[in-house]
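Overview (structure and organization)
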Amino acid sequence: MPMSSGSSAAEVQPVPRDVPMKSVTLEWAPPVANRHVASRYIELLPPERRPIAGTAGAAYRRQQMARQLPEHDQDPDKCHELSPAEVRQMQQFVRKYKDEALGVGDVRLPQEMAQAQALGRGEQNGGPGSGLGNGSGAGSRAGPGAGTGTGAGAGSGSGLGGGLAEHGGGSLGTAAAAGAMGAGSPGGALQNFTCHQCKLPMRVGDPAVYAERAGYDKMWHPACFVCVTCEELLVDMIYFWKKERMYCGRHYGDSEKPRCGGCDELIFCNEYTQAEGQDWHLKHFCCFDCDCVLAGETYVMEAERPVCKPCYMNNYAMKCASCQSAIEPEAQRVSYGASCWHAQPQCFQCSGCSQCLMGKRFMAVNNHLFCSVDCKKKVLT
């Protein structure tokens, strides 16, 4: 029978039989043996982030899978024209993060984890016990070509046998979960169990996410298991741990290597360029119009796209209202309304008396400049 979990084990009450139940299909669920713990994990995610098939949460998961775990960060065959030396460097990079950083979160009840740790310490001291590890035995991989040696499959499918049971009046709870809680403090908080991210206490009966590489002394609320850089939920609990910080795959890669603003791939060659606050392969920082390489050349950003100077002059440059020549990007100009002039005496001058108007009062009429009403009348009448 479904159970409703309150603030302590003593408050667990059965859900009335007339409460409507509905089954939903999940595109992914945490690989844990206890279905009720998995259900509670899903419930603790923000509603718009729950991977329920056919919802925005499922679309978000697929989007984050591609965003956080780009294939071209893992497989040289998914990259563009890597040299043999770059392939070797990338293979070394992938081996390093698999050995040192990559992992998959483990969903456990904090009280159960504490008991397992105590048993583990007892075993080390010669008594019976059980070792810590991913009790789910889920083999995991962070997208194509990036399996962990203990791996966790980041594919589709529900770990809840195809559905998550929901009822109309609150959270799912279980007698098994309640029995594992132990005594709780008033208000439903577990003493000494605190989220590593938000520093708030874990609540009675709620599962936590653990990361083996971070150490089992740390735990996270399901909604707090996020990347330190983008602050997005770590898709399918796939994480990269580095210097006491939790990253998604993309931002771990960014912390190790520069990323090209053109192809979005990590840069493994020694020579690259920096422009507009980004790093670029030399061959990828090129004119948007003609594809010529811009490294070391003058370029202009037009609609947030780099263009070479010749293409700018031919396609985008403003024309001087006086001489009708294109104004070079580095040249000084005077703008008034929709008109521009070279900031030079021969262009920015009175159409009546030809005196330079730089720094002086003027009037503009039909692309003509005048220093006075008399000059205006002289030209336009």
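Refer to the structure above for everything that follows.
Residues numbered from 1 in each chain as written. Predicted model: local features only at pLDDT ≥ 70, side-chain atom pairs only at ≥ 80, totals over all residues. Heavy atoms only, no water.

1. Side note on the sheet that holds strand 13 (residues 238-242)
The 3 strands lie next to each other as 4-13-14, forming an open sheet whose pairing is antiparallel. Across the chains shown, the open sheet's two edge strands, defined by having one partner strand only, are strand 4 (102-104) and strand 14 (245-247). Between one strand and the next, the sheet's axes are offset by a mean angle of 40°, whatever the strand orientation. Across 3 bridges, strand 13 lies against strand 14 in antiparallel orientation. Residue Phe240 lies in a different strand from strand 14, and its bridge partner there is Tyr247. Its contacts with the sheet put helix 6 (residues 249-256) on strand 13 and strand 14, and the angle it makes with strand 13 is roughly 25°. (Pairing = 2+ DSSP bridges. Helix = DSSP H or I, 4+ residues; strand = E, 2+ residues; numbered from the N terminus. Axes fitted to C-alpha atoms, helices over the stretch in contact; angles between N-to-C directions. Contact = heavy atoms within 4.5 Å.)

2. Examining empty space enclosed by the protein
As enumerated under the stated definition, the model contains 4 cavities of 30 Å³ or more in all. Of the voids in this model, the largest cavity is the one considered here, and its volume is about 170 Å³. Lining the largest cavity are 15 residues, and of these Arg49, Leu233, Leu234, Val235 and Asp236 lie nearest its centre. It is helix 2 (residues 56-68) that provides the largest number of residues to the lining of the largest cavity, a total of 3 residues. Split into classes, the residues belonging to the lining of the largest cavity amount to 11 nonpolar, 1 polar and 3 charged. (1 Å grid on protein atoms, 1.4 Å probe; cavity = no way out; pocket = protein on both sides within 12 Å on 5 of 7 lines; lining within 4 Å. Points joined across faces, edges and corners; volume = space filled by probe spheres on them. Nonpolar A, V, L, I, M, F, W, Y, C, P; charged D, E, K, R; others polar.)

3. Focus: the state of the cysteines
Summed over the entire model, instances satisfying the criterion amount to 0 disulfides. There is no disulfide at Cys227, and the cysteine sulfur nearest it, in Cys230, is 3.7 Å away. Between Cys375, a free cysteine, and Cys371, which holds the nearest cysteine sulfur, the sulfur-to-sulfur gap is 3.7 Å. Look at Cys375 and you get buried, because its relative accessible area is 6%. (Disulfide = S-S within 2.5 Å. Buried < 20%, exposed > 50% of the residue type's maximum accessible area, 1.4 Å probe, protein only.)

4. As for the packing of helix 3 (residues 84-100) against helix 6
Interaxial distance between helix 3 and helix 6 falls to 12 Å at its minimum, and their mutual angle equals 120°. One finds that helix 3 runs oblique with respect to helix 6. By crossing handedness, the relation of helix 3 to helix 6 is classed as right-handed. Mapping the contact onto sequence places Phe93, Lys96 and Tyr97 in helix 3 and Tyr252, Gly253 and Glu256 in helix 6. Here the contact of helix 3 with helix 6 is composed, by residue class, of 3 nonpolar, 1 polar and 2 charged. (Parallel < 35°, antiparallel > 145°, perpendicular 65-115°, else oblique. Left-handed = near helix turned anticlockwise from the far one by under 90°.)

Functional significance is not addressed by these values, which are geometric in nature.
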